[in-house]
Amino acid sequence: MPTIYRPEKKPILKRSKHSIKKDNLIHRLVYNTLTWKQLRINKLMNQPLCECKECKKNNRIILAEQVHHIRCISTAGENQQLIKALGFDYNNLLSVSRLCHIEIHRKLNEEIEYLF
Ligand SMILES: [Zn+2]
Ligand SMILES: [Zn+2]
């Protein structure tokens, strides 16, 4: 008796296409990378004090804990190259204290990039 070879039907993997949220994209491309973690540490080591306008104007000396992007990464939309260009541009970074960072974003009426 010849056996009939019946190829098994492979189940079609239905992956639902999640719409990639812009924020997740920024986190994936920038904040979750080792490059960013190193860049951030470099920035804070080179400029350990808050560089915000208010601190500069008032000669305030506050320790910076966070790094702000002068040109917000979210302005890059979903342009991955631009997200990385803005995210990893050392000249686009500003060392800021946590409170000054909140204040900067409050004035800009933007959401803060990340909090930790
Ligand atoms: Zn400040
Ligand atoms: Zn910021």
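Basis of the calculations
- Residues numbered from 1 in each chain as written.
- Chains lettered and ligands numbered in written order.
- Predicted model: local features only at pLDDT ≥ 70, side-chain atom pairs only at ≥ 80, totals over all residues.
- Helix = DSSP H or I, 4+ residues; strand = E, 2+ residues; numbered from the N terminus.
- Buried ≥ 20, exposed ≤ 12 C-beta atoms within 10 Å, placed from the backbone.
- Contact = placed C-beta atoms within 7 Å.
- Arc of directions from axis to C-beta.
- Core = buried A, V, L, I, M, F, W, Y, C linked by C-beta atoms within 7 Å.
- Pairing = 2+ DSSP bridges.
- Expected span 1.5 Å × (residues − 1).
- pLDDT = per-residue confidence, 0-100.

### Notes on the overall build of the chain
Then step 1. When its secondary structure is counted, the chain shows five helices and two strands.
Then step 2. Ordered by position from N to C terminus, the α and β elements of the chain give α-α-α-β-α-β-α.
Then step 3. The buried share among the 116 residues of the chain stands at 18%.
Then step 4. The contacts in the chain between residues at least 6 apart in sequence include a share of 68% that link residues at least 24 apart.

### Here we look at the environment of Q81
Then step 1. In this structure, Q81 sits in helix α4 (residues 80-87).
Then step 2. Taking the number of C-beta atoms within 10 Å as the measure of exposure, Q81 has 9 and is therefore exposed.
Then step 3. Through-space distance from the C-alpha of Q81 to that of L29 is 9.4 Å; in sequence the pair is 52 residues apart.

### Some thoughts on unusual backbone geometry
Then step 1. A positive phi angle, near 50°, is found at N59, a position not held by glycine.
Then step 2. Relative to the elements of secondary structure, N59 occurs in the loop between α3 (53-57) and β1 (66-69).

### Looking at α4
Then step 1. All of the buried residues along α4 are I83, L86 and G87. Projected onto a plane normal to the axis of α4, the buried residues spread over an arc of 95° and lie on a single side.

### Points about the nonpolar core
Side chains that are nonpolar tend, in soluble globular proteins, to be buried together.
Then step 1. Counting eight residues, the largest nonpolar core is built from C50, C52, A64, V67, L93, L94, V96 and C100.
Then step 2. If near-sequence neighbours (up to four positions away) are discounted, A64 is found in contact with L44, Q47, P48, L49, C50, S95, V96 and S97.
Then step 3. One finds I26, V30, A76 and I83 within the second-largest nonpolar core, a separate group that totals six residues.

### Some remarks on the pairing of strand β2 (residues 93-96)
Then step 1. The alternating pattern of β2 places L93 and S95 and L94 and V96 on opposite faces, both of which are buried.
Then step 2. The pairing of β1 with β2 spans four bridges and is classified as antiparallel. Within β2, the position partnered with V67 by the bridge is S95.

### Some details on helix α2 (residues 34-46)
Then step 1. Between its terminal C-alpha atoms α2 stretches 18 Å, which fits the 18 Å expected from 13 residues at 1.5 Å a residue.
Then step 2. Taken across its 13 residues, α2 has zero buried, putting it largely on the surface.

### So, the environment of C52
Then step 1. Residue position: C52 is located in the loop between α2 and α3.
Then step 2. C-beta crowding within 10 Å serves as the criterion here: with 21 such atoms nearby, C52 is assigned to the buried category.
Then step 3. Along the primary structure C52 and E103 are separated by 51 residues, whereas in three dimensions their C-alpha atoms are 9.6 Å apart.
Then step 4. Setting aside its immediate chain neighbours within four residues, C52 contacts L94, V96, C100 and I104.

### Quick notes on the confidence of the model for the chain
Then step 1. Looking at the chain as a whole, its pLDDT mean stands at 86, while 82% of the residues score no less than 70.
Then step 2. This model gives residues 15-19 a pLDDT under 50, and the stretch forms zero contacts once residues within four places in sequence are excluded.

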